[in-house]
Structure formats: C-alpha cells, structure tokens
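Chain by chain, the residues:
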Amino acid sequence: MEWNLRRMDSELRQINSDLLQPSKSIKKPSSGTITLNVGGFLYAAHRTTLSRHQGSVLEELASGKKTVQHTDSMGNPFIDRDGPVFRHILNFLRTGDLQLPDDFREAGLLRREAEFYRLSGLVEAILEWEELRAVQREPAFLEVTDERSQGFKVYCSDPSFIDKVKGRLVQISKSRLDGFPEEFEVSSNVIQFRHFIKSEPGSRLVLKQDSTFVCTLECLKLETVMLALKAGFSIITSLDSSKGSVVAAEALHFVK
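The numbers attached to residues start from 1 for each chain and follow its sequence in the written order. Note on the predicted model: pLDDT of at least 70 is required for a residue's local features to be given, and 80 or more for side-chain atom pairs to be given and counted; whole-chain, interface and lining totals, by contrast, use all residues. Only hydrogens and water are set aside; all other atoms, that is, all heavy atoms of the structure, feed into the side-chain values.

The protein chain has the name Potassium channel tetramerization domain containing 4 in an unreviewed UniProt entry, where Oncorhynchus kisutch is given as its organism.

Structure follows, in structure tokens:
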C-alpha cells in the first residue's frame, strides 16, 4: 500500500502543472436574459424582448450599445424610474399589445415612462387607450328607427355597440355571412338595412343587394334591443308602440 502511494505521488509530480489549471481560452457564454432593477423592482426578460424597438433606451441597454451607468448591490443594471408601471411596458414589448386593467388610473404616468424609454409605439397605444376610455365615460345615445321608406337604421354614439350588432347579425344570418356586408355600413356609428314586405304578415326580410336573404327584420330588431339592454342601455322614448311591443315601434331611443 505504501509503495502504491509513493508511485501515485511520483506520477502526479510528472504531470505538467499547466494542465491542472483552468483553460484561459474558454469563455463563459453571455446570458440570453437580463435582470433589471427598475426603481427597486426586479424584472427578468430576454434580451431579444428588450431589443424589439430599435433606438429605445432598453434596446441600447440590452444590446450593449449603451454603457450601464448604475448598478444595484447585486450588479444588476439600475434604472431610476417608476417600478410598478414598468410591468406594463415589459408586457407591451412581449406581446406587442397594450393590455391594461379596466380600473387602471395611471395612464399619464405610463405615457411619460414610455416617452422616457423612447417607445413611440407604446405612446401611441396609450393615447388611443385614453381616447377610448374618454368616449366610454361619456353618455352613449342609441337610436333604432324603422321607416318603411328608408329601412331599418341603428345609430349609436359608441361605435363599439355598432360592432356588437354587426357581430350578432353574422351569427344569426340565414345565409351564413363570412363578415358584415359593407353595403349595410353607413359609418362607424350607423348601419342601415333595406327590406321588402311579402304578402304574409310579419315577414319583412333583410336582403343584400344580390337578393340574398339575411334574416327577418323583426329578428334583427329584437336582437338589437336585447343587445342594448345587456350593454346597460335604458330606453327613454318609444314612438308608435301602440301594438304593445317595442319591436313594433317605429323609433326607439336609449341612453347609457
């Protein structure tokens, strides 16, 4: 046993000492992820995510174009900006869409942060979101008229409700529409349907210009009224509803 130990010691001494040292030519590959400290909040993201928008502060930081000026105690790049709202900026970079909670109240702060990071696309998305919220906060007016000379017309100050009516028409259409027919669209706030009256009572039909049957006018009117009530509209006036049904009225007015 003693002889074997001496032999091993002798063989180890003959080994080139350089072979026992770590190779200096092998470099540790750079990580594909980066951890940022934004106002005391840590965020981890892939470098390609931060580099989505060329010329932005985050793209310059992730690509190494801009030298890291400040780091935290762990060596992470430190950005002295608002930490909580940065998650919305990061989600925008990940998905390309601005997704904010319905009760979000810091759009102004988020827009200023987006301007600081030089994210023009996000700034535009925030402005559109603010405009949409402003419209939604205003009272919405809905008018449903049924004039035999002009056809059936739906006007709403909120274009999103018109979109709901369009989508519902596609669902109930007997001709299986692929999309809402452009011939019925007057504007983003108005849609209008022509119809004709057959000999049988209650069989007024909504037709396309090529005489394709879409649905009955009564069904479309009922669906519009139901959508309005579900959307929170309240009826304020009804003209010529002597027949005992709002569907039979020539004009209906709603407000929300």
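Picking up where we left off.
For the rest of this paragraph, the subject is the overall build of the protein chain. Every helix listed is a DSSP run of H or I at least four residues long, and every strand listed is a run of E at least two residues long, numbered separately from the N terminus. Secondary structure summary: the protein chain contains eight helices and 11 strands in total. Here the analysis covers contacts within the protein chain between residues at least 6 apart in sequence; of these, 54% occur between residues at least 24 apart. When the accessible surface of the protein chain is totalled, it reaches about 16400 Å², and 50% of it is carbon and sulfur. Residues are treated as being in contact if the distance between any of their heavy atoms lies within 4.5 Å. Here, Shrake-Rupley sampling with a 1.4 Å probe gives the accessible areas, and only protein chains in the shown set may cover a residue.

Of note in the backbone geometry, Arg-176 takes a positive phi value of approximately 55° without being a glycine. The phi torsion at Ser-211 lies on the positive side, around 65°, for a residue other than glycine. Here Ser-211 shows up in the loop between strand E8 (205–207) and strand E9 (213–216).

Axis angles are defined between N-to-C directions and span 0 to 180 degrees, where every axis is a line fitted to C-alpha atoms and, for a helix, only to the segment in contact. It is at 9 Å that the axes of helix H5 (residues 107–116) and helix H6 (residues 120–137) come closest, and there the two elements cross at 165°. Taken together, H5 and H6 sit at an angle that is classed as roughly antiparallel. Note on packing geometry: the crossing formed by H5 with H6 is left-handed. Taking contact as the criterion, the partners of Ala-107, Gly-108, Leu-110, Arg-111, Ala-114 and Glu-115 in H5 are, on H6, Leu-122, Val-123, Ile-126, Leu-127, Trp-129 and Glu-130. The residue classification treats Ala, Val, Leu, Ile, Met, Phe, Trp, Tyr, Cys and Pro as nonpolar and Asp, Glu, Lys and Arg as charged. All others, Gly included, are polar. Among the residues forming the contact of H5 with H6, the class breakdown is eight nonpolar, one polar and three charged. Any angle that is under 35 degrees is reported as roughly parallel, and any over 145 degrees as roughly antiparallel; angles of 65 to 115 degrees are reported as roughly perpendicular and all others as oblique. Handedness of a helix crossing follows the sense of rotation of the near helix relative to the far helix, less than a right angle counterclockwise being left-handed and clockwise being right-handed.

What follows covers the state of the cysteines. Pairs of cysteine sulfur atoms within 2.5 Å are identified as disulfides in what follows. All chains considered together, the criterion is met by zero disulfides. Cysteine Cys-219 remains unbridged, with the sulfur of Cys-215 as its closest cysteine sulfur at 5.5 Å. Throughout this description, buried means an accessible area under 20% of the type-specific maximum (1.4 Å probe, protein chains only), exposed means over 50%, and partly exposed covers the range between. Classification of Cys-219 as partly exposed rests on a relative accessible area of 28%.

Take the nonpolar core next. Across soluble globular proteins, you tend to see nonpolar side chains buried next to one another. For the purposes of this section, nonpolar cores are sets of buried Ala, Val, Leu, Ile, Met, Phe, Trp, Tyr and Cys residues that join through side-chain atoms within 4.5 Å. Grouped together as the largest cluster of nonpolar side chains are 30 residues, with contacts concentrated most on Leu-36, Leu-50, Leu-58, Phe-86, Leu-98 and Tyr-117. The residues contacting Tyr-117, other than those within four sequence positions of it, are Val-38, Ser-56, Val-57, Leu-58, Ile-79, Arg-81, Phe-86 and Ile-89. With 29 residues, the next largest nonpolar core counts Leu-142, Ile-162, Phe-193 and Ala-231 among its residues.

On to H5. Looking only at H5, the buried set comprises Ala-107, Leu-110, Glu-113 and Ala-114. Buried positions in H5, seen along its axis, are confined to an arc of 120° and lie on one side of it. Residues of H5 that are buried in the fold lie against helix H4 (86–95) and H6. Two residues or fewer after H5 comes Arg-118, characterised by a positive phi angle close to 60°. Think of the arc as the fan of directions from the helix axis to the C-beta atoms.

Working definition: an aromatic ring pair is given by the centre-to-centre distance plus the angle between the planes. Two rings from Phe, Tyr or Trp (for Trp, the six-membered ring) form a pair when their centres sit within 6.5 Å of each other. Planes less than 30 degrees apart are called stacked, planes more than 60 degrees apart edge-to-face, and all others tilted. Scanning the entire structure with this criterion turns up 10 aromatic pairs. Residues Phe-180 and Phe-193 carry aromatic rings whose centres are separated by 6.3 Å and whose planes lie at 85° to one another, so their mutual orientation is edge-to-face. Taken together, the positions of Phe-180 in the loop between helix H7 (159–172) and strand E6 (190–193) and Phe-193 in strand E6 put the pair 13 residues apart, joining distant regions of the chain. Like Phe-180, the residue Phe-193 is buried in the burial classification. Here the aromatic residues Tyr-43, Phe-86, Phe-116 and Tyr-117 are joined through ring pairs into a cluster of three or more.

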